[in-house]
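Report on the structure
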Amino acid sequence: MSADEKNYIQGATGAWEIVIGMEVHAQISSKAKLFSGASATFGAEPNAQVSLVDAAMPGMLPVINAYCVEQAVRTGLGLKAQINLFSVFDRKNYFFPDLPQGYQISQYKQPVVGEGKLILDMPDGSSREVGITRLHLEQDAGKSLHDQSPNQSYIDLNRSGVALMEIVSEPDMRNSEEAGAYLKKLRTILRYLGTCDGNMEEGSMRADVNVSVRKPGGPLGTRCEIKNVNSVRFVMQAIEYEARRQIDVIEGGGQVAQETRLFDSGKGVTRAMRSKEDAHDYRYFPDPDLLPLELDAGWVENIKTSLPELPDEKKARFIDKLGLSPYDAAVLVAEKESADFYEAVAKGRDGKLCANWVITEYFGALNKSGKSMADFVITPEKLGGLIDLIADNTISNRLAKDVFALMVETGKDAATVVDEKGMRQVTDTGAIEAVIDQVMAANADKVAEYRSGKDKLFGFFVGQTMKASGGKANPAAVNDLLKKKLAG
Amino acid sequence: MAINPADLTIAAALAHLEKGDFTAQELTQASIAAMQAAKPLNAMITETPEKALAMAQAADERRRAGKAGLLEGIPIAVKDLFCTQDVLTTAASHILDGFVPAYESTATANLWREGAVMLGKLNLDEFAMGSSNETSYYGPAVNPWRGPQGEKLVPGGSSGGSAAAVAAGYALGATGTDTGGSIRQPAALCGITGIKPTYGRVSRWGIVAFASSLDQAGPMTRDVRDAALMLRAMAGFDAKDSTCVDMPVPDYTAKLEDGVKGLRIGIPREYRMDGMNAEIEALWNQGKQWLVDAGAEVVDISLPHTHHALAAYYIVAPAEASSNLARYDGVRYGLRVPGKDLIEMYENTRGAGFGREVQRRIMIGTYVLSAGYYDAYYTKAQKVRTLIAKDFEQAFQRVDAILTPTSPNAAFPLGSKSDDPIAMYLNDVFTVPINMAGLPGISLPAGLNAEGLPLGLQLIGRPFDEATLLRVARSVEKAADFKARPDAWWSK
Amino acid sequence: MSLDKAAVAKIAKLARLKLEPERQEAMTAELNTILSFVEELQAVKTDNVPPLTSVAPMKLRWREDVVNDGGDPEAVLRNAPGRQASFYTVPKVIE
């Protein structure tokens, strides 16, 4: 089965291929809004973060926030994209109560960022490239609340005018998993760059997902746009539902209508929006209140040189320089915080051993604690200290897990735990030999069986010796000595 | 001293105030009385006499304390397109019913900072769309000048109330805005002076927008010196307007009397149109002669694309307006007419709230921006605009200012053109090209026609060189020696 | 290019303007008059002419990312024709 065929889904009339493109709205993590000085932070009282400009009072004018321009360029560079030194702000005209101006200031024909690309890290460790069509700056709309009153909608303009980057992908994705991976990877890159906090619950990142289906190799089908999906899981669910729905429509003899749909996360279904614009005619034209956005090439170059190491480069370095598997590397770079934590632990230590500890033990304990990395009791120094004790044979890898559990429980560092509990590994061969002698004496029958050829009993002696040593005996030494002694 | 504000220019009033011949409160009281006697002109939408007196009192105190601003104690009136804090602001539209802004436009705030006193808010064409003040929801303002048989005439527009209030003599100056001629044409029709500064000279912040790339505010006054004084007070950099230029504002009066010797004045041949009004043409020739007599060199120039300006304007201005006026939707301020659902509420509100001319322009603007027509109309018009701007740029390599008539006709009777949009639009044929190119232009009264009605001449200057423009205007003003005034029929 | 009544109705819908039936005919005629007036532009040669982007010779000014506005709900709500607590209200919207 080819890679393409793997993606096909079966309908009554045979195989179908899903074609997915995405428009992600990412809120720029600025203090103030794109064109006004009102705060852009989340969670204020209704209409408490609204300037006269955001409320589109008569005679109000937009003035652009420099920081937002810089973050758009930074993001474009992070997506290896073309930066357009000349771009234009247009008005997208339509009426809606949460759009006070009656138009959204956006960029239409000449966006600030052009074509780029994004590498997907698939769960099986493979990679795939998705094209970025463009990135442009635009204003967010306000918020309509429909469930507060039976006959009225309430309007809160706090979000009105908040700076967004709309990041548009090529229709390069072929299944929901890739779409999920795209969203996750994009979020990772935005967080590395610090241009968007990627918080989907608070709406800092929302996806409009374009889905169509076609017969493999056939012409593209009619697409539906699923608006404003606000989690990776919902994006994946929405795609699966929508693809199946479209196949059913076509196979039932119908035609897919090009429309905007909403995902109902409660029911797991998509449905056509009822408030469809009668005609999508946005009458874009350059905003005469603003001049074209002109960037200086040197300024762009400076931003480029100030970019942090991004996840793809970091992953490659973890594989090449630290000897990690692609899977481990991908897990560690998925969040910048994780990668930073890992790098702090691995500094001057064995990369692979540290990766195992961070991914298995540390993440496991962190998840169980329900805490954030910053608040969690295990710091890179503490975990590093524990790994040092393994490396210098003070404790065994197995015992280290017990030490780690105590560290999580008590907040003490590894050396303290080991000392307090007397857990230092015994490497003194004399002491180990004494323990082995005791074990052999207590199990004379088993010794005889072993010597008569029952090799499998070796494990039993190891276990007994370790147990008798309180787990502190060095396992390698136990192995060597046991072999010698049992051989007689 | 008995005060008749109609006899005073701003400069003269400032001299009297400084000498202590009268106080700002006395002057303001006289102005208020004259304003209230001039109700038949319908030049005011809102009178603010109490505010005026309070401001005048504060002005007197500042003058006594030696802290007088450039316009300390001068009663002026404000076109009701400027948002004024805690004072009703209507744009002469039903749709802004009851709108009381929580903010003050930068241009008016600058005037108050310099000590000017606000008499009230002036009538205008609805959203500044019109050339006769007849599209106002509050009824037309009337020209203080009457026809030979006593016919009521339009004051021009859109700043019709502004021109009427200054010509009637109660406001010493008024603010206007000019998108296609809305300061200069009414100034010409009412026998006063009005300057549209370079685009970007005066902040647009807080002025109800009509067409953003064309709108520019400016002063309307009795004479050129007053225009220079008032422009200096109004203009200046404003970080809240992205299109407002960060450039120092000179003292425009400093070189006002320097004359035109050595300056080159262009006469654009394309402005000499077929069927041109003979009196207007004669006045234009007279103006040319005055400049020659004053020592200027007058040269023939060509602005080949200028006659396309009006057509391009009637695409660009409505397009921008259709978008600028989308915010009047009955949600956050102004009129709301209920409907069975949201869309019907929008349609009812906007259908009832906007008058016919505004609706026409919204419709045209919506159409020329719509899918399939955008390039043929809007892009085409903006390209023509580039050509118009280039024409001027080339002309200004050869000349220091350009002289033309302001308006193709004198004031006309109320109602005589209101049914014919194109006839109305043609009023702005000489003024529109200047807005399309963003240049400064001034109109000053230069003579009377056979019916005894004022006619204006227009001068056009280089970008941000209002100083030279005013200086040339002052030279023409001296030669024209225009002294005529309307008889105050409204207060008899 | 000439508009018929249906096209005018469509534009009115797009512009959210209620046109009384008796106004439709007149509006159609008025718009067509204006459109034929601007028709002359089609004859102007504009090959290789860029559309005007700004009348004033200036560059877009950027402001600093500082919060210095907002925080006064009354200033934006005081003129609202429909209001509930600190919200604007409109007839119910069904999405």
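Note that this is a predicted model, so its numbers are computed, not measured.

**Some details on the overall build of chain C**
Regarding its fold elements, chain C presents 3 helices and 3 strands. Starting at the N terminus and ending at the C terminus, chain C contains elements arranged as α-α-β-α-β-β. Expected size for 95 residues packed as a compact globule is a radius of gyration near 12 Å; at 22 Å, chain C overshoots this value by more than 25%. For chain C, the spread of C-alpha atoms along the principal axes amounts to about 55 × 45 × 25 Å. By residue count, 44% of the 95 residues in chain C fall in the buried class. On chain C, roughly 5000 Å² of surface is accessible, and the fraction owed to carbon and sulfur atoms is 52%. Charge-centre separation for chain C: the mean point of 13 positive side chains lies 3 Å from the mean point of 14 negative side chains.

**Focus: the pattern of salt bridges**
All names here are of chain B. By the definition in use, this model includes 64 salt bridges over all chains. A salt bridge links Glu72 to Arg62; its shortest N-O distance comes to 2.8 Å. Here Glu72 is found in the loop between helix H3 (49-64) and strand E2 (75-79), whereas its partner Arg62 is found in helix H3, with 10 residues between them in sequence. The exposure class of Glu72 is buried, given its relative accessible area of 1%. With its nearest N and O atoms 3.7 Å apart, the salt bridge here joins Lys340 to Asp341. In this structure Lys340 comes out as exposed when scored by relative accessible area, which is 68%.

**Observations concerning the interface of chain C and chain B**
How large an interface is tends to be reported as the accessible area lost when its parts come together. The interface of chain C with chain B comprises 50 residues on the first partner and 69 residues on the second. Summing both partners gives a buried area of about 5200 Å² for chain C against chain B, and 69% of it is carried by carbon and sulfur. The tally of links from chain C across to chain B stands at 3 salt bridges. At the boundary of chain C and chain B, one finds 21 residue pairs in polar contact (both at pLDDT 80 or more). Listed by contribution, the elements that provide at least two residues to the side of chain C that touches chain B are helix H1 (5-14), helix H2 (21-38), helix H3 (73-77) and strand E3 (87-91) of chain C.

**Observations concerning the interface of chain A and chain B**
Tallying the contact residues gives 30 residues for chain A and 38 residues for chain B. Buried surface at the junction of chain A and chain B, both sides included, amounts to about 2800 Å², of which 59% is carbon and sulfur. Linking chain A with chain B are 1 salt bridge. With a closest N to O distance of 3.1 Å, Asp289(A) and Arg204(B) form a salt bridge. Between the two partners, chain A and chain B, sit 15 residue pairs in polar contact (both at pLDDT 80 or more). Contributing elements (two or more residues each) for the side of chain A that touches chain B: strand E5 (90-93) and strand E16 (285-286) of chain A. When the residues that make up the side of chain A that touches chain B are grouped by side-chain class, the tally is 21 nonpolar, 4 polar and 5 charged.

**Brief notes about the sheet that holds strand E10 (residues 441-448) of chain B**
Residue and element names in this part refer to chain B. Here we have 11 strands laid out as an open sheet, ordered E1-E3-E2-E4-E6-E5-E10-E11-E9-E7-E8, and mixed in their pairing. Each edge of the open sheet carries a strand with a single partner, namely strand E1 (44-47) and strand E8 (297-301). On average, each strand axis in the sheet is inclined to that of its neighbour by 30°, with strand direction left out of account. As defined by bridge partners, E10 adjoins strand E11 (residues 454-461) across 7 bridges and the pair is classed as antiparallel. Counterpart to Leu444 in the pairing with E11 is Leu457. Across the sheet, helix H4 (residues 106-113) is in contact with E2, strand E3 (117-122) and strand E4 (173-178); its angle to E2 comes to roughly 175°.

**Some thoughts on the pairing of strand E9 (residues 401-405) of chain B**
Residues and elements named next belong to chain B. Among the 5 residues in E9, 5 count as buried, and that is most of the element. Burial along E9 is two-sided: the face carrying Ala401, Leu403 and Pro405 and the face carrying Ile402 and Thr404 are both buried. Here strand E7 (residues 264-268) pairs with E9 via 2 bridges, running parallel. Along E9, the bridge assignment pairs Gly266 with Ile402. Relative to E11, E9 runs antiparallel, the two being bridged by 5 bridges. Opposite Thr404, over in E11, you have Gln458 as the bridge partner.

The rules behind the values
Residues numbered from 1 in each chain as written. Chains lettered and ligands numbered in written order. Predicted model: local features only at pLDDT ≥ 70, side-chain atom pairs only at ≥ 80, totals over all residues. Heavy atoms only, no water. Helix = DSSP H or I, 4+ residues; strand = E, 2+ residues; numbered from the N terminus. Rg over C-alpha atoms; globule rule 2.2 N^0.38 Å. Buried < 20%, exposed > 50% of the residue type's maximum accessible area, 1.4 Å probe, protein only. Areas by Shrake-Rupley, 256 points an atom, 1.4 Å probe, with all protein chains shown as cover. Lys, Arg positive; Asp, Glu negative; His and termini not counted. Charge placed at Lys NZ, Arg CZ, Asp CG, Glu CD. Salt bridge = Lys/Arg side-chain N within 4 Å of Asp/Glu carboxyl O. Contact = heavy atoms within 4.5 Å. Buried area = accessible area lost by both parts, 1.4 Å probe. Polar contact = N/O pair within 3.5 Å; in protein donor to acceptor, adjacent residues only side chain to side chain. Nonpolar A, V, L, I, M, F, W, Y, C, P; charged D, E, K, R; others polar. Pairing = 2+ DSSP bridges. Axes fitted to C-alpha atoms, helices over the stretch in contact; angles between N-to-C directions.

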